[in-house]
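# Geometric and topological summary
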Amino acid sequence: MALSLAFSNPSKSFSLPSCVHHHHVSIPRSALLTNPWLSPPSSRFFSIPSPSPLPKPWSRSGGALKCSLPSRPQYIPNHIPDPNYVRIFDTTLRDGEQSPGATMTSNEKLVIARHLSRLGVDIIEAGFPASSPDDLDAVRSIAIEVGNQPVGEDGHVPVICGLARCNKKDIDAAWEAVRHAKKPRVHTFIATSEIHMQHKLRKTREEVVNIAREMVAYARSLGCQDIEFSPEDAGRSDREFLYHVLEEVIKAGATTLNIPDTVGYTLPSEFGKLIADIKANTPGIENAIISTHCQNDLGLATANTLAGAYAGARQLEVTVNGIGERAGNASLEEVAEHTGLHVQPHKAIVGANAFAHESGIHQFGYDIGGKELDDVFKRFKEVAEKKKRISDEDLEALMSDEIFQPPVIWSLAELQATCGTLGLSTATVKLVSSDGEEKIACSIGTGPVDAAYKAIDSIVQVHAVLREYAMNAVTEGIDAIATTRVVIRGDDNYTSTHALTGETMRRAFSGSGASMDIVVSSVRAYISALNKMLGFVSAMKASKENTEKQNISH
């Protein structure tokens, strides 16, 4: 499935994966490379033509709408049989998760990966396996299920990719996670700009080249035939040195060369020229695919991505809604929007009508049974006793609140809160631990939620700071279900490894809850976040113990 784009220069065109549209769209060169507001001041004298009206590819046959789509070319790691096809590499589950508070459970990641596969993306970067045992397990689960499950009429199976720094430990973890997929890929990187090599890596150019070459070869030796290499901070790297590094990793077995604008520093005209120069000056480039990864610090991620594609890149790295570290990344849907297309209401994940339907529970994409189904049905009956009419949105909120939760360490049993203008707010909370032990605590606070959170803290006995708190009504009306999202941060014991810098960073943990009672909804969200945090520590402890046992046995 692809979207074919025809530029004003007829010899320049490319295709974007899409499970919905097949349009031929005229894009003036000025709209990509010489946009007056994205170019140096001396060249800001261009006019931007109005976009051409889009043809409609839809046809009706037997009462059903159909769309004519070109076939997806055969997947070959270092070659695309159709020169006009561009691969979409989605890194929502890896780079997107570096958004503050955007931590996801393994189950949430698996569900998102399923949707990305159905959407038709070519490559799913499922995570950074070396960062934590939980992330390795999540990537492995995605590789086993999503990486082997054909979807769509063409039986598409996405490539499952794991990120790794240029060292054997990271590459071993990434390969262990993705090797279960039908089409596994390892993505490794090292910095190549002078400022990064001198002050972050503290290595010479020769040392960086040797490490890059040796680690790509090492990944190849493990049996991985699909290897992506990224020269971090390529936008600020010396060109001749960059060409040399890329030449060496191609020789070592790299099949995709990803060119990141790591600090969101370049303009579209500059980034387009960078890709064109790499294509023209790197020996052996015909044996690899050029990719782009653009950060959005200057708001130019999408523009730079399209400029890179125009200049010859045939893989574009994006995230859903552009989420990611700092200002985010190129947006999956904007890459389509800015080529003249609109995200149609029925588009999976990001369309306005996504999940808004009237066809019953299976339309949500949930497949549940046993205790999960019993729990959801119990919650449904509780709501049905209080509301006259239950909407699909109510059902989805209940389903999400039951299914997308971390492993239960503490669960809410009972809650009683009082508040008002006549006295202090108080809350009594009963929690049940995973082994069945019940604990009750009472507390006062500035409001019922504050009082309940303090009571929970006295039971759980862990330090947690509330960083974000947000609540929304699922539907209109005074009897609407309230969904709450919180983000908490613990002490220095809750850390993980930053994918790009390698630095240890304090992790934030998000939680969500839903209930017709806003205090109950708030408490459910807080307990969910605490369970994530406690589960993370438990997984880290188990990993450390396993490592120590292995060292002793050796």
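Residues numbered from 1 in each chain as written. Predicted model: local features only at pLDDT ≥ 70, side-chain atom pairs only at ≥ 80, totals over all residues. Heavy atoms only, no water.

The name an unreviewed UniProt entry gives the protein is 2-isopropylmalate synthase, with Musa troglodytarum as the organism. UniProt lists a comment for the protein under the heading Sequence similarities (unreviewed entry), and it reads "Belongs to the alpha-IPM synthase/homocitrate synthase family. LeuA type 1 subfamily." One UniProt comment on the protein, placed under Pathway (unreviewed entry), says "Amino-acid biosynthesis; L-leucine biosynthesis; L-leucine from 3-methyl-2-oxobutanoate: step 1/4." (UniProt positions renumbered as here; feature names shortened; annotations may be inferred.)

## A word on the overall build of the protein
Within the protein, the regular secondary structure consists of 14 helices and 21 strands. Put simply, the protein has 554 residues, and 51% of those count as buried. A fraction of 65% describes how many contacts in the protein between residues 6 or more apart in sequence connect residues 24 or more apart. Here the protein has roughly 25500 Å² of accessible surface; of this, 52% comes from carbon and sulfur atoms. (Helix = DSSP H or I, 4+ residues; strand = E, 2+ residues; numbered from the N terminus. Buried < 20%, exposed > 50% of the residue type's maximum accessible area, 1.4 Å probe, protein only. Contact = heavy atoms within 4.5 Å. Areas by Shrake-Rupley, 256 points an atom, 1.4 Å probe, with all protein chains shown as cover.)

## Considerations on the packing of aromatic side chains
Each pair of aromatic rings is reported with the distance of its centres and the angle of its planes. For the structure shown, the criterion picks out 1 aromatic pair. Ring centres of Tyr-453 and Tyr-526 lie 4.0 Å apart, and the angle between their planes is 10°; this geometry places the pair in the stacked category. Placement of the pair is Tyr-453 in helix 13 (residues 448-460) and Tyr-526 in helix 14 (residues 518-553), with a sequence separation of 73 residues. (Phe/Tyr/Trp six-rings, centres within 6.5 Å; stacked < 30°, edge-to-face > 60°.)

## Details of the sheet that holds strand 7 (residues 123-127)
Pairing is parallel around the closed barrel formed by 8 strands, whose spatial order is 6-7-8-9-10-11-12-13. Ignoring which end each strand starts from, the neighbouring axes of this sheet average 25° apart. Running at roughly 165° to strand 8 (residues 159-165), helix 4 (residues 168-178) makes contact with strand 8 and strand 9 (184-191) of the sheet. (Pairing = 2+ DSSP bridges. Axes fitted to C-alpha atoms, helices over the stretch in contact; angles between N-to-C directions.)

## Brief notes about helix 4
Residues spaced three or four apart along an α-helix face the same direction, because each turn holds 3.6 residues. The complete set of buried residues in helix 4 reads Asp-170, Ile-171, Ala-173, Ala-174, Trp-175, Ala-177 and Val-178. Contacts made by the buried residues of helix 4 are with helix 3 (133-145), strand 8, strand 9 and helix 6 (205-221). If you check the start of helix 4, you find a side-chain oxygen 3.2 Å away from the backbone N of Lys-169, and it comes from Asn-167. (Polar contact = N/O pair within 3.5 Å; in protein donor to acceptor, adjacent residues only side chain to side chain.)

## Here we look at the nonpolar core
Judged by nonpolar contacts, the single largest core of 70 residues is most densely connected at Ile-142, Ile-160, Phe-229, Leu-257, Ile-259 and Ile-278. Sorting elements by how many residues they give to this core places helix 7 (residues 239-252) first, with 8 residues. Membership of the second largest hydrophobic core comes to 28 residues, among which are Val-429, Val-523, Met-533 and Phe-536. (Core = buried A, V, L, I, M, F, W, Y, C linked by side-chain atoms within 4.5 Å.)

## As for the packing of helix 3 against helix 4
Contact geometry for helix 3 and helix 4: axes closest at 7 Å, N-to-C directions at 35°. Where helix 3 approaches helix 4, its residues Leu-136, Val-139, Arg-140 and Ala-143 are matched on the opposing element by Ala-173, Glu-176, Ala-177 and Val-178. Of the residues contributing to the contact of helix 3 with helix 4, the split by class is 6 nonpolar, no polar and 2 charged. (Nonpolar A, V, L, I, M, F, W, Y, C, P; charged D, E, K, R; others polar.)

## Side note on the sheet that holds strand 16 (residues 438-445)
Here 3 strands make up an open sheet; going across it, the order is 14-15-16 and the pairing antiparallel. In this open sheet, the two edge strands, each paired with only one partner strand, are strand 14 (410-418) and strand 16. Across the sheet, the mean angle separating the axes of adjacent strands is 20° when strand polarity is ignored. The pairing of strand 15 (residues 425-433) with strand 16 spans 8 bridges and is classified as antiparallel. Note on strand 16: the bridge partner recorded for Val-432 is Glu-438.

## Some details on the packing of helix 6 against helix 7
Relative to each other, helix 6 and helix 7 sit at 25°, their axes nearing to 8 Å. The orientation of helix 6 relative to helix 7 falls into the category roughly parallel. Where helix 6 crosses over helix 7, the handedness of that crossing is right-handed. Where helix 6 abuts helix 7, its residues Arg-205, Val-208, Val-209, Ala-212, Arg-213, Val-216, Ala-217 and Arg-220 lie against Phe-241, His-244, Val-245, Glu-248, Val-249 and Ala-252. Counted by class, the contact of helix 6 with helix 7 contains 9 nonpolar, 1 polar and 4 charged residues. (Parallel < 35°, antiparallel > 145°, perpendicular 65-115°, else oblique. Left-handed = near helix turned anticlockwise from the far one by under 90°.)

## What to know about the environment of Ala-525
Note that Ala-525 resides in helix 14. Residue classification places Ala-525 among the buried residues on the basis of a relative accessible area of 0%. For the pair Ala-525 and Tyr-469, spaced 56 residues apart in the sequence, the C-alpha separation amounts to 9.3 Å.

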